[in-house]
Each structure stands twice: as C-alpha cells, then as structure tokens.
Amino acid sequence: MDPELSAILREIDQHRIQATVEKLASFGTRHTLSSQDDPVRGIGAARDWIFQELSAYAEKSGGRMTVEKQSFIQPVSSRIPVPTPITNVIATLTGDTSPARIYVVTGHYDSRVTDVMDFTSDAPGADDDASGVAVVLELARVLATRHSEATLVFAAVAGEEQGLYGSDYLAQQYKNAGADIQAMFSNDIVGTGDAHDGTAADPHTVRLFVEGVPTSETPDQASVRKSVGGENDGPSRQLGRFVAEVAQRPQTGMDVRVIWRRDRYLRGSDHISFLLRGYPAARFTEPRENFAHEHQNTRVENGVQFGDLVDFCDFGYIARVARLNAVALWSLAQAPGTPKGVVIDTTQLTNSTTLRWTPGTEADLAGYEVLWRETTAPDWEHVLTAGNVATVTIDLSKDNVFFGVRAVDREGNRSPAASPQPSS
Ligand SMILES: [Zn+2]
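Structural notes, computed from the coordinates. (Residues numbered from 1 in each chain as written. Predicted model: local features only at pLDDT ≥ 70, side-chain atom pairs only at ≥ 80, totals over all residues. Heavy atoms only, no water.)

## Some details on the overall build of the protein chain
Then, in step 1: Within the protein chain, the secondary structure is distributed over ten helices and 17 strands.
Then, in step 2: By the compact-globule yardstick of 22 Å for 424 residues, the protein chain fits well, its C-alpha radius of gyration being 22 Å.
Then, in step 3: Overall size of the protein chain, expressed as C-alpha extent along the three principal axes, is 70 × 45 × 45 Å.
Then, in step 4: At a minimum sequence separation of 6, the contacts of the protein chain that also span at least 24 residues come to 76%. (Helix = DSSP H or I, 4+ residues; strand = E, 2+ residues; numbered from the N terminus. Rg over C-alpha atoms; globule rule 2.2 N^0.38 Å. Contact = heavy atoms within 4.5 Å.)

## Comments concerning helix α6 (residues 165–176)
Then, in step 1: In this model, α6 (twelve residues) spans 16 Å end to end at C-alpha, consistent with the 16 Å of a helix rising 1.5 Å per residue.
Then, in step 2: In the segment just after α6, G178 is the residue with positive phi, at about 70 degrees. (Expected span 1.5 Å × (residues − 1).)

## Quick look at the sheet that holds strand β1 (residues 65–74)
Then, in step 1: Taken in spatial order, the eight strands of this open sheet run β1-β2-β4-β3-β5-β8-β6-β7, and their pairing is mixed. Here the strands that pair on one side only, and so sit at the sheet edges, are β1 and β7 (255–259). Averaged over neighbouring strand pairs, the angle between their axes works out to 25 degrees when direction is ignored.
Then, in step 2: The sheet contact formed by strand β3 (residues 98–108) and strand β4 (residues 150–157) spans eight bridges and is parallel. Paired with G107 across the two strands is A156, which belongs to β4.
Then, in step 3: Of the strands in this sheet, β1, β2 (84–93), β3, β4 and β5 (180–187) are in contact with α6, which crosses β1 at around 115 degrees.
Then, in step 4: Against the sheet, helix α10 (residues 315–334) contacts β3, β4, β5, β6 (205–209), β7 and β8 (281–285), and its axis sits at roughly 165 degrees relative to β3. (Pairing = 2+ DSSP bridges. Axes fitted to C-alpha atoms, helices over the stretch in contact; angles between N-to-C directions.)

## Quick notes on the environment of P235
Then, in step 1: Structurally, P235 can be placed in helix α8 (residues 235–247).
Then, in step 2: Given the relative accessible area of 45%, P235 is considered partly exposed.
Then, in step 3: Sequence separation of P235 and V246 is eleven residues, and the distance between their C-alpha atoms is 17 Å.
Then, in step 4: The contact partners of P235, leaving out residues within four places of it in the chain, are P214 and P280. (Buried < 20%, exposed > 50% of the residue type's maximum accessible area, 1.4 Å probe, protein only.)

## Digging into the nonpolar core
Then, in step 1: Grouped together as the largest cluster of nonpolar side chains are 77 residues, with contacts concentrated most on V21, I50, Y109, L152, F154, F185 and V243.
Then, in step 2: When sequence neighbours within four positions are dropped, the list of residues in contact with I50 reads L24, V89, Y109, V133, L137 and A156. (Core = buried A, V, L, I, M, F, W, Y, C linked by side-chain atoms within 4.5 Å.)

## Quick notes on the sheet that holds strand β11 (residues 340–344)
Then, in step 1: Across the sheet, which stays open at both edges, the four strands sit in the order β15-β12-β11-β17 with mixed pairing between neighbours. Of all the strands in the sheet, just β15 (391–394) and β17 (421–422) have a single pairing partner and so form its edges.
Then, in step 2: Note: strand β12 (residues 353–358) against β15, four bridges, orientation antiparallel. Looking across to β15, one finds that L355 is bridged to V392.

## Considering the side chain of R323
Then, in step 1: In this fold, R323 is placed in helix α10.
Then, in step 2: What R323 contacts, discounting residues up to four positions off in sequence, is L9, I12, Q251 and T252.

## Description of the pattern of salt bridges
Then, in step 1: Counted by the stated rule, this structure contains 24 salt bridges.
Then, in step 2: D122 is the salt-bridge partner of R41, the closest N and O atoms lying 2.8 Å from each other. With R41 in the loop between α2 (14–25) and α3 (43–58) and D122 in the loop between β3 and α4 (126–143), this pair connects stretches of sequence that are 81 residues apart.
Then, in step 3: Residue R41 is classed as partly exposed on the basis of its relative accessible area, which comes to 30%.
Then, in step 4: Close ionic contact of D263 with R264 constitutes a salt bridge, the shortest N to O distance being 3.0 Å. Each of the two residues, D263 as well as R264, counts as buried.
Then, in step 5: One network of salt bridges, with partners in common, ties together D188, R207, D263, R264, R283 and E289. (Salt bridge = Lys/Arg side-chain N within 4 Å of Asp/Glu carboxyl O.)

Laid out in structure tokens, this is it:
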C-alpha cells in the first residue's frame, strides 16, 4: 500500500469518533424541525458544532480546505409543516491537479423518533446517523493536511429523515454548476456490526448498496440497454466493483459486502439524491440492523430497550468503516478520472471490437486498460494493457462479452471502469 494511505489509515482514531458520536447525541434531538438557535439542544446547536469542528480542521489545510453552511428554506411538504431552514455543513478540500473532478462523502446529522414529526422527544440518533457524521468528520480531519490530486467533499447533510432534503439541495447545486462528481458515498447507519438481537456479531463486514440500472436512465438509454444489455454495468455498479477491488485490504480490517440494489426494502438514503442527477453513488451501511434501535422513542417495553443509543455503537467498527471510506476516496482522488466518451464502434458488423474514448488530461496519466468478462460473470475476468492511446481493436466479438475501459497513472493508480456505449 502507498505509504501515505497507510499513514492516513493509522491516523483514523476511534476515540475521536466516539467523542463525535457522544457529542452529537448530547444535543438531545437533532430533528430537522427542532430549535435552530438554542445553544445546547436541537439541530441548530449540532449544526454550529459541526461547523466549528470542520473549521478547526480546515485551519491546518494551508487554505486548501474551505467550510461552509449551505442553507435554504424547505417549503411545506408532507413531513415539513412550515417553511423550515435546512443547513448542510460542507468542507471542500480542493484538489491540486484535477480540482474540477470531485468525490463526495456524506453522513446526515438530523435524527428522528417513532413519529417522524415529533421534534421535541429525545432523538439521540447515535447509529442513525451520528455514526456516519463521525466518519465524515474523521476523514475531513485526517485528510485536511494532505495534498489530493482531485477534490474531496466532506458533507454533514440535514433533512434526511424528512425526505432527503439536504442532500437533494446539495446534489442540485452541483448539477446546476455542471460539477463533475465522479463518485459519492452516503454513510448511513454504520454504527456497529452487532445487531444486539441474539445473532452473532459481524464486526468486520459493511454493506455497500449499488444500483444496477441507473435511477436517472432516460428512455433513449433504456432503449439501448434493452437492445444490448448493461443492466449490471451502470456507473454505480462500476463504482461498487472499484471499491471491492481497492478496499479489501488487511489495513482496514473490514470486508465489503456489495449488494446489487439501490437500497434496502422500504428505505433510502442520501445517495439517491445524487443518483437522481446521474452521479455515480452508493451507500455504506452496517451488516444487520436492529429496528428497535432506529427511528424509535427511547424507552423500555417488556424489558426491551428501544432507542438509538450511544451504548449500542461499536467505535472500533465505525473507525473501520472510516478506514474503508478513506481507501476508497483516496484511491479515487489520486487515480486518473473515469474515462469519458467511451464508445464501442458499431458502424459495421465485425467479429472484432474497436473501442474509442476521449483522452484524459492528467499529467501523470500512463494509459488505459481494457477489461472484459463473460456476460454471465459478475466481475472483470480479463485485462489488456492498451497503452497511452485513445482507441484499441481487440480480436473478440463485442456480442459475446462485456467490456470496460479504465485509466492508469504512472504510480499504478487505476480509475473505475467506464462501460462503452454504442457509437451509433
Ligand atoms: Zn439515516
């Protein structure tokens, strides 16, 4: 492993993560409709504390990390009874050489109890989702002092429980600006590998949910897919393959269980806001949930403790999730960007395959690799080094396998693969 990445993983500190989860729970409730200006209780106090923490990390970045409160007024909707300010707290570490290429990681700092409109009862939200915010803050702290090639964004979003409003606004702002977001990860309910339900704990597994057919697919894109396949080759699937390849390392102490669906039954998270805008996105979450500990009033009923309490969190587990995120984000941001404009020549019928793509602009770009697999295989099976070229012809029928193209830099960092589209 790259020595800098090893150092990053060593610096991720479970005690700091514990302090963050405990601090966020101490605000009583972080419900989106709770107080915006009480200094000790409610979402406003949590917002200001997160801003202060991120700002302290940014001070050590030599001006490369900036922190903002991104606020807007959410109009009345089914879970918002009066127009309500919602604020995302965002730290951006600008890349040194590819600043326009962006990778985003989020956790949501709002919380809830049984009644989604109840903004006064205690809602500690330790697992859902102080754990995810703690991952985001710890990544921001450890990476603030480092030089990244591409831009990294660390965002604590709000309004998730009321309808993904914070991330929806964030993703739309990026879309409006034409931002080149090449991957986004939501860390939501990453607090423990122990469901506390009598089943064996699974402390070294985290799930990564990645959709197949893109949520943003247009009718034209659907038509191409129906004709030649590709249900398993959307940009988020390729991101899932990338994470599985780079992140299963002994240094993280964590295995990724990739799940080929957008999210769990009946549930969602902030990655969906990015998927809706056509950005590759995925969700990390713990291996098995205890639904008595999520979205519940804190109480004891028939001897069973309900509520999303700090006591149920495993801070070593959250630290491992943070290390896994660090490997994924750092590997993405130091590698070349995912190849663009990748097409498979379909101007004539042949038994060979010609691929073309738009050359990347990274100064340390070494070239490209073509990947392929049987159409029935889940993961890449073959790789061909194509060199620093923008087209390659392979003596394999495009009808019989699925192809992908990825970029490689001089240090051997590889991008996620891009699936070719038909040229005509
Ligand atoms: Zn959540």
